[in-house]
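Spelled out from the first residue to the last, the chains are:
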Amino acid sequence: MSKIFRFHGGVYPPEEKLASQAGIQVAPLLEKYTVPLQMHIGAPAKSLVQKGQKVLRGQLLAEPGGYVSAAVHSPTSGVIKEYGSCLGVNGTQWPALIIESDGEDQNQEPMPPISDWQNTDPKILLKRIEDAGIVGKGGAAFPTHVKLSPPPDTPIDTLIINGVECEPGLSADHRLMLENPDQIIEGALIVAHILQAKNIYLGIEDNKQDTIELFREKTASTGAPQVYSLKVRYPQGAEKHLIYALTKRKVPRGGLPLNVGCVVQNVASIYAIYDAVVNGKPLYERVTTVTGNPVVNPGNWLLRIGSSYADALKLAGGLKEQPAKVISGGPMMGVSVYSLDIPVTKNCAGLLFLSRSQLSQFQSKACIHCGRCNDVCPMRLTPGMLGIQIENDRFDLAEAWNVLDCMECGCCAYICPAHRPLVQHMRRAKTEVIAKRQAAEAKKSS
Amino acid sequence: MKSGIASMTEPEIRLPDAEQLVVSSSPHFHCGNSVAKIMLLVILALLPACLVAVYYFGVAAFRVLTLCMLFCVGTEALCSKLMKRPLEINDFSALLTGLLLGMNLPPGTPSWICLVGSLIAIGIGKMAYGGMGQNPFNPALVGRVALLVSFPQAMNTWQIPGMDSVSGATPLQELGMLQQKALAGDSAELNEFLQNIPYGDYMLGNMGGSLGEACALALILGGIFLIVIRVVRWQIPVFMIATVAVCSTLAWLAKPDLCAPPQFHLLSGGLILGAFFMATDPVTSPMSRLGAILFAIGCGLIVCAIRFWGNYPEGISFAILVMNAMTPLLDKVTMRKPFGTQKKAVKNA
């Protein structure tokens, strides 16, 4: 076991992992699924089906709309009721297919299983991952086949499996690892084969001792993947910081992990890759945590993509009390929503309900220059100064003080004694700076 | 997998009322700290030293401390009203400024001087710049220095603990006078002074000085408390005290018959109060750790320069105020490189 490196900054929010002991339950079939066509970064998928058409579970509903895009598959068998739109997690309307279940849940003939993946050309495996519509299930939903296709002149020697799950509240990845260790280990080996990576690391935060022990046991003879126990510290699961913790390599500013020979994959994505390659199953369901103090039975459910948040909450027995906030994702980087009509997407790791006592609503005050935000910023920025500059609309200064390096992890706003909305300021400045750069670019090219 | 459509419309399942949901930007958790909590903890850390001051100087000390707090909070309330700004005395920063101002005054300071000091500290030192967080200089020190240059007589009348009506000199003043004498040829008194320094009394506060300079032990305990609970960073007090220790050791080694030993410089005067409680004021000290270290070293050097060569026997206030002025510059020059900055420029492939 080699050394683990401590990244700069970070905070220790309460873990609140209420559902960590609740085994994954399979959600019953629903009457209706709303499947968005844009659940990933990149171009929206192009619908291949007509209104009124009968579809089967796992059938391709929409093909990738470009190289950086992802296919979408039907979560069950039924009829396409409508090609319409739905409310997205970001508050905008997303194009979506609404499927009425026929209750049969008939499976389409799966893609041919590739059990002998060791001797299969990585290109064929990549095609399978693309066909299965797999995206990064940890957060950004970046199409996985693109992430696993580094340029030929950039060799990848290290694959890192992200089992950190540093967001408070969430336990979907934890349960997935605990209940499917063999599948995840094989999935990791498949991805390592695709990348021709010689090192395979699995990073898990040490609040999941059971999982760490299980994987150490399972990998004792092979040593792949190498299991690393990481001290709990948010944001340990941030891609660049996980790479640093395990390899001491620093991803260059504005660069990608592949610039330092690494690829990071979330465990849920690894599991989906295993399913796609070995079982020929496309990605149409995922494990999602439904938790929070107001929830009757916090737990983890295997939900079909396109179930609504309300359906997920009903599975958890509904609410004991009116929540003050509903968050898609974790409390540090998740998005608070105002409706439960939003469908579960491929990257929806959890639904968190906060009670009124957990709500952090404050009158924000003037910066007292205490520097706590500097101390906790994992990107080594100066959030307090940036916040003041941005309040004064000095986006030029914010740009010079590296606002674009901000990854919006929320450590600064979490720690700020003056309750300043620093992440909100950063987002505003990043939008402004990027818009300005794009305008300059457009001017140059015209 | 269960087949068949589950009935999910049982009436007892409760869903949220969307009208009552709060929507806001992430993060949705907060650590629970606040400016008011920080200020209260600093006040708490100062309490032991205040109690010692009251023990030695009696009602006079209590009067000065309470009046300064009262006047400072009053000044802030008045200024907020005149400036038509929301009243923010509930962050307790004006209360802390008042306490620190009081601790920087001699025990017998007349009430009207307390009032003038408070008006200057909060009115000019803080509110004139726009209130909380906007002031470049430590308000309590602005008040103290304004009083020091305006009313030198009142500000240099030091009571000796236990002897109500007797006024004497602070150890630093005494050292300065004796050094002058020694330079003029009469070094007998200086020798005697240097050989009989009552460190135990200095440690416990049994000496002449302003209220807060008194008890080094109580101040150090309070300061360590603040460092342990992470209200102040250790860098500023440690580097400031270390700088003074190094400089005074060097001076003492060079001229042992003229200069006081380093422990004299550490325990006499306001160094401990300044290093733990005044220089660490977040608003007027650098935000970056490296900046804080440079700031503290600067404070230490200026303190020594004033004590060794200056006209004033004591230089903590001036040193901190000068370095306050340097704070924005220090923050700028010590700006960190973001995570992932390459040591050498990477060639664009």
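Every value quoted in this text rests on a predicted model; they were computed, and no experiment measured them.

The rules behind each value
- Residues numbered from 1 in each chain as written.
- Chains lettered and ligands numbered in written order.
- Predicted model: local features only at pLDDT ≥ 70, side-chain atom pairs only at ≥ 80, totals over all residues.
- Heavy atoms only, no water.
- Helix = DSSP H or I, 4+ residues; strand = E, 2+ residues; numbered from the N terminus.
- Contact = heavy atoms within 4.5 Å.
- Areas by Shrake-Rupley, 256 points an atom, 1.4 Å probe, with all protein chains shown as cover.
- Lys, Arg positive; Asp, Glu negative; His and termini not counted.
- Charge placed at Lys NZ, Arg CZ, Asp CG, Glu CD.
- Axes fitted to C-alpha atoms, helices over the stretch in contact; angles between N-to-C directions.
- Left-handed = near helix turned anticlockwise from the far one by under 90°.
- Nonpolar A, V, L, I, M, F, W, Y, C, P; charged D, E, K, R; others polar.
- Phe/Tyr/Trp six-rings, centres within 6.5 Å; stacked < 30°, edge-to-face > 60°.
- Buried < 20%, exposed > 50% of the residue type's maximum accessible area, 1.4 Å probe, protein only.
- Lys NZ or Arg CZ within 6 Å of the ring centre and 35° of its normal.
- Buried area = accessible area lost by both parts, 1.4 Å probe.
- Salt bridge = Lys/Arg side-chain N within 4 Å of Asp/Glu carboxyl O.
- Polar contact = N/O pair within 3.5 Å; in protein donor to acceptor, adjacent residues only side chain to side chain.
- Expected span 1.5 Å × (residues − 1).
- Domains from an automatic or database assignment.
- Arc of directions from axis to C-beta.

**Remarks on the overall build of chain A**
Then, in step 1: Helix and strand counts for chain A stand at 13 helices and 17 strands.
Then, in step 2: Taken along the three principal axes of its C-alpha coordinates, chain A extends 60 × 55 × 50 Å.
Then, in step 3: Considering only contacts in chain A between residues 6 or more positions apart, those separated by 24 or more positions represent 72%.
Then, in step 4: Here chain A displays about 16900 Å² of accessible surface, and carbon together with sulfur accounts for 51% of that area.
Then, in step 5: In chain A, 46 side chains carry a positive charge and 42 a negative one; their mean positions are 7 Å apart.

**What about the packing of helix H11 (residues 235-254) of chain B against helix H14 (residues 289-309) of chain B?**
Each pair of packed helices can be summarised by the angle the axes make with each other and by the distance between the axes.
Residues and elements named next belong to chain B.
Then, in step 1: Two elements in contact, H11 and H14, have axes separated by 8 Å at closest approach and are oriented at 35 degrees. In this structure, H11 meets H14 at a crossing whose hand is right-handed. In this structure, H11 contributes Gln235, Ile236, Phe239, Met240, Thr243, Val244, Cys247, Ser248 and Ala251 to the contact, and H14 contributes Arg289, Ala292, Ile293, Phe295, Ala296, Ile297, Cys299, Gly300, Leu301, Val303, Cys304 and Phe308.
Then, in step 2: Here the contact of H11 with H14 is built from residues that sort into 16 nonpolar, four polar and one charged.

**Details of the packing of aromatic side chains**
Then, in step 1: Within the structure shown, the criterion is met by eight aromatic pairs over all chains.
Then, in step 2: Both rings, one in tyrosine 201 of chain A and one in tyrosine 228 of chain A, keep their centres 5.2 Å apart while their planes meet at 75 degrees; by these two values the pair is edge-to-face. Note that tyrosine 201 of chain A is positioned in strand S10 (residues 199-205) and tyrosine 228 of chain A in strand S11 (residues 226-230), a separation of 27 residues in sequence.
Then, in step 3: Ring geometry for tryptophan 112 of chain B versus phenylalanine 151 of chain B: centroids 5.1 Å apart, planes at 85 degrees, classification edge-to-face. One end of the pair, tryptophan 112 of chain B, is in helix H4 (residues 111-124); the other, phenylalanine 151 of chain B, is in the loop between helix H5 (139-150) and helix H6 (152-155), and 39 residues separate them in sequence.
Then, in step 4: Overall, the relative accessible area of 48% leaves tryptophan 112 of chain B in the partly exposed class.
Then, in step 5: We classify phenylalanine 151 of chain B as partly exposed; its relative accessible area is 24%.
Then, in step 6: Taken together, Phe5 and Tyr244 of chain A together with Phe339 of chain B form an aromatic cluster joined through their ring pairs.
Then, in step 7: Its end group placed over the ring of phenylalanine 7 of chain A, arginine 233 of chain A keeps NZ or CZ at 4.1 Å from the ring centre.
Then, in step 8: Cation over ring: lysine 281 of chain A sits above tyrosine 284 of chain A, and NZ or CZ is 5.5 Å from the ring centre.

**Some points on the interface of chain B and chain A**
Then, in step 1: Across the contact, 52 residues belong to chain B and 90 residues belong to chain A.
Then, in step 2: In total, chain B and chain A occlude about 6100 Å² of area from one another, counting both sides; carbon and sulfur atoms represent 61% of this.
Then, in step 3: The three residues of chain B that bury the most area against chain A are Phe29, Arg336 and Phe339 of chain B, which together make up 16% of that side's buried surface.
Then, in step 4: Across the chain B-chain A interface, the total number found is two salt bridges.
Then, in step 5: Aspartate 375 of chain A is paired through a salt bridge with arginine 289 of chain B; the nearest N and O atoms lie 3.1 Å apart.
Then, in step 6: At the boundary of chain B and chain A, one finds 30 residue pairs in polar contact (both at pLDDT 80 or more).
Then, in step 7: For the side of chain B that touches chain A, the secondary structure elements donating two or more residues are helix H1 (35-57) and helix H15 (316-333) of chain B.
Then, in step 8: Within the side of chain B that touches chain A, the residues separate by chemical class into 24 nonpolar, 17 polar and eleven charged.

**Focus: helix H7 (residues 267-278) of chain A**
Note on helix geometry: an α-helix contains 3.6 residues per turn, so any two residues three or four positions apart are oriented the same way.
All names here are of chain A.
Then, in step 1: Between its first and last C-alpha atoms H7 spans 16 Å; for twelve residues at 1.5 Å apiece the expected length is 16 Å, and the two agree.
Then, in step 2: Counting buried positions along H7 yields twelve of twelve residues, so the element is predominantly enclosed.
Then, in step 3: Of the positions making up H7, those classed as buried are Val267, Ala268, Ser269, Ile270, Tyr271, Ala272, Ile273, Tyr274, Asp275, Ala276, Val277 and Val278.
Then, in step 4: The backbone nitrogen of alanine 268 lies 2.6 Å from a side-chain oxygen of the residue at the head of H7, namely asparagine 266.
Then, in step 5: Positive phi shows up at glycine 280, right after H7, with a value of about 70 degrees.

**Topic: the domain arrangement of chain A**
Residues and elements named next belong to chain A.
Then, in step 1: Taken domain by domain, chain A holds domain 1 (1-9 + 16-28 + 105-357) and domain 2 (372-445).
Then, in step 2: Spacing between the C-alpha centres of domain 1 and domain 2 amounts to 28 Å.
Then, in step 3: Opposite the eleven residues of domain 1 that make contact, domain 2 presents 15 residues.
Then, in step 4: Each partner contributes to the roughly 970 Å² buried at the junction of domain 1 and domain 2, and carbon and sulfur atoms together form 60% of this total.
Then, in step 5: It is His8, Arg253 and Met332 that lose the most area in domain 1 upon contact with domain 2, and together they represent 48% of the buried surface on that side.

**So, the domain arrangement of chain B**
Residue and element names in this part refer to chain B.
Then, in step 1: For chain B, the domain assignment lists domain 1 (35-154) and domain 2 (169-333).
Then, in step 2: One C-alpha centre belongs to domain 1, the other to domain 2, and the line joining them spans 21 Å.
Then, in step 3: On the domain 2 side, the residues contacting the 36 residues of domain 1 number 31 residues.
Then, in step 4: Surface buried jointly by domain 1 and domain 2 totals about 2600 Å² across both partners, of which 76% is contributed by carbon and sulfur atoms.
Then, in step 5: The largest share of the area that domain 1 buries against domain 2 comes from Tyr56, Asn138 and Leu141, three residues that together contribute 19% of it.

**Comments concerning helix H10 (residues 216-228) of chain B**
Residues and elements named next belong to chain B.
Then, in step 1: An ideal rise of 1.5 Å per residue puts 18 Å on 13 residues; H10 measures up with 18 Å between its terminal C-alpha atoms.
Then, in step 2: Buried residues of H10: Ala216, Ala218, Leu219, Gly222, Gly223 and Leu226, and no others. Down the axis, H10 shows its buried residues gathered within 165 degrees of arc, on one side only. For H10, the exposed residues set more than 90 degrees away from the buried face come down to Leu221 and Val228.
Then, in step 3: Looking at the packing, one finds that the buried side of H10 touches H1, helix H3 (93-103), helix H9 (199-204), helix H12 (262-267) and helix H13 (271-278).
Then, in step 4: Just beyond H10, the residue with positive phi is arginine 230, at close to 60 degrees.

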